[in-house]
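What the coordinates show
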Amino acid sequence: MKNIQVEFSLLKKLALFLCAFVLLSAQSNDLQSDGWVRVVESEGNFSIEVPGEWRKTERNIEDPVFGGMVIHQYVLLDTISSDKPLVYTLMYTDYPADLVHQDSLDLLEEFFLATAESAEYSVAGNLIYSDGLHNMNCPGYTWRIHYNQGEAVIRSRAYLCCSRLYIISVAGSSGQTPNDRLFPFFDSFRLITPCFS
């Protein structure tokens, strides 16, 4: 039990770093969109529909426990849907299989909640909603965070497929977000090759 608590504590620290990295990068992006396209990223083993062309970045981190890890991030700023832009992001990273795996049911709920709470902390926001997702073969989680004194919102979905964590987010004004811009992005996420544990 002690090992599980130590591993969870370390995972929470890494999740905080990943969420802060995604959000800070999204805020500095200057790409604009023009039409919905299905993007297939064979290296990342996923496809998704996005309203334009997005920017891809990679960052190497060295963790004293996990070792070398690579954070892959995709960001797009959508200014067509309204006067208030939406920022679409998808991030994934591979965790060591012996520490985080989709079959580790005793850790998964805590892991996902820690990831959502880390995102909340990274923007000094409030976690308004969180719950499990059951729309894929991989365990999933969804959450919503209000930040910037309630004027902005981030909606996220996360999936742990084998030991790879995907986080898909849309950030924008806390006013009415057009569903025709939000759900096509979230609902179109697919793995190219299913994860078999």
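Residues numbered from 1 in each chain as written. Predicted model: local features only at pLDDT ≥ 70, side-chain atom pairs only at ≥ 80, totals over all residues. Heavy atoms only, no water.

**Concerning the sheet that holds strand 10 (residues 190–191)**
Cut-off, in case you're wondering: Strands are labelled as partners when DSSP assigns at least two bridges between them. For helices the rule is a DSSP run of H or I covering at least 4 residues; for strands it is a run of E covering at least 2, with both sets numbered from the N terminus onward.
Ordered in space as 1-2-10, the 3 strands form an open sheet in which the pairing is antiparallel. This sheet does not close on itself; its edge strands, each paired only once, are strand 1 (37–41) and strand 10. The sheet contact formed by strand 1 and strand 2 (residues 46–50) spans 5 bridges and is antiparallel. Residue pairing for strand 2: Val37 is matched across the bridge by Val50.

**Observations concerning the sheet that holds strand 9 (residues 164–173)**
Quick note on the threshold: With axes taken as lines fitted to C-alpha atoms, and helix axes fitted only over the stretch in contact, angles between N-to-C directions fall between 0 and 180 degrees. Contacts are assigned to residue pairs with any non-hydrogen atoms lying within 4.5 Å of each other.
Taken in spatial order, the 7 strands make up an open sheet running 3-4-5-9-8-7-6, and their pairing is antiparallel. Edge positions in the open sheet fall to strand 3 (55–63) and strand 6 (126–133), since each of these has one partner strand only. Across this sheet, the average inter-strand angle for adjacent strands is 15 degrees, counted without regard to direction. Of the pairings in the sheet, the one linking strand 7 (residues 140–147) to strand 8 (residues 152–161) comprises 8 bridges and is antiparallel in character. Bridging across to strand 8, Tyr141 finds its partner in Ala158. Against the sheet, helix 3 (residues 179–187) engages strand 4 (67–78), strand 5 (86–94), strand 8 and strand 9, with an angle of about 175 degrees to strand 9.

**Looking at the side chain of Thr142**
Note the following rule: Polar contacts, as used here, are pairs of N or O atoms within 3.5 Å; protein pairs need one atom able to donate a hydrogen and one able to accept it. Residues neighboring in sequence count only if both atoms are side-chain atoms.
Here Thr142 shows up in strand 7. Separated by 3.0 Å, the side chain of Thr142 and the backbone oxygen of Ser156 make a polar contact. Residues contacting Thr142, with those up to four places away along its chain left out, are Tyr129, Ser130, Asp131, Leu133, Ser156 and Arg157.

**Some points on the pattern of salt bridges**
Worth spelling out the cut-off: A side-chain nitrogen of Lys or Arg and a carboxyl oxygen of Asp or Glu constitute a salt bridge if their distance falls within 4 Å. To sort residues, take the accessible area from a 1.4 Å probe on protein chains only and compare it with the maximum for the residue type: under 20% means buried, over 50% means exposed, and anything in between is partly exposed.
For the structure shown, the criterion picks out 5 salt bridges. The partner of Asp78 in a salt bridge is Arg181, and the shortest N-O contact between them spans 2.9 Å. Pair noted here: Asp78 is in strand 4 and Arg181 is in helix 3, with a separation of 103 residues, a long-range link. An identical accessibility class is assigned to Asp78 and Arg181; each is buried. Arg157 is the salt-bridge partner of Asp187, the closest N and O atoms lying 3.0 Å from each other. In this pair, Asp187 is assigned in helix 3 and Arg157 in strand 8, connecting sequence segments 30 residues apart. The exposure class of Asp187 is partly exposed, given its relative accessible area of 38%.

**Comments concerning the state of the cysteines**
Worth spelling out the cut-off: Cysteine sulfurs are considered disulfide-paired once they come within 2.5 Å of each other.
Taken as a whole, this structure holds 2 disulfides when the rule is applied. The partner cysteine of Cys162 in its disulfide is Cys195, sulfur to sulfur 1.7 Å. Taking the sign of the torsion about the S-S bond as the criterion, the disulfide between Cys162 and Cys195, at about 115 degrees, is right-handed. With a gap of 33 residues between them, Cys162 in the loop between strand 8 and strand 9 and Cys195 in the segment after strand 10 connect regions that are remote in the sequence. Summarising the burial analysis for this pair, Cys162 and Cys195 share the class buried. Should the bonded cysteines of the chain be numbered as they appear in the sequence, the pairing reads 1-2, 3-4.

**A short note on the environment of Ser47**
Relative to the helices and strands, Ser47 resides in strand 2. Residue class for Ser47 comes out buried when judged on its relative accessible area of 9%. Between the C-alpha atoms of Ser47 and Phe189, which are 142 residues apart in sequence, the distance is 5.8 Å. Sequence-distant contacts of Ser47, defined by excluding residues within four places in its chain, comprise Arg38, Val39, Val40, Ser188, Phe189, Arg190 and Ile192.

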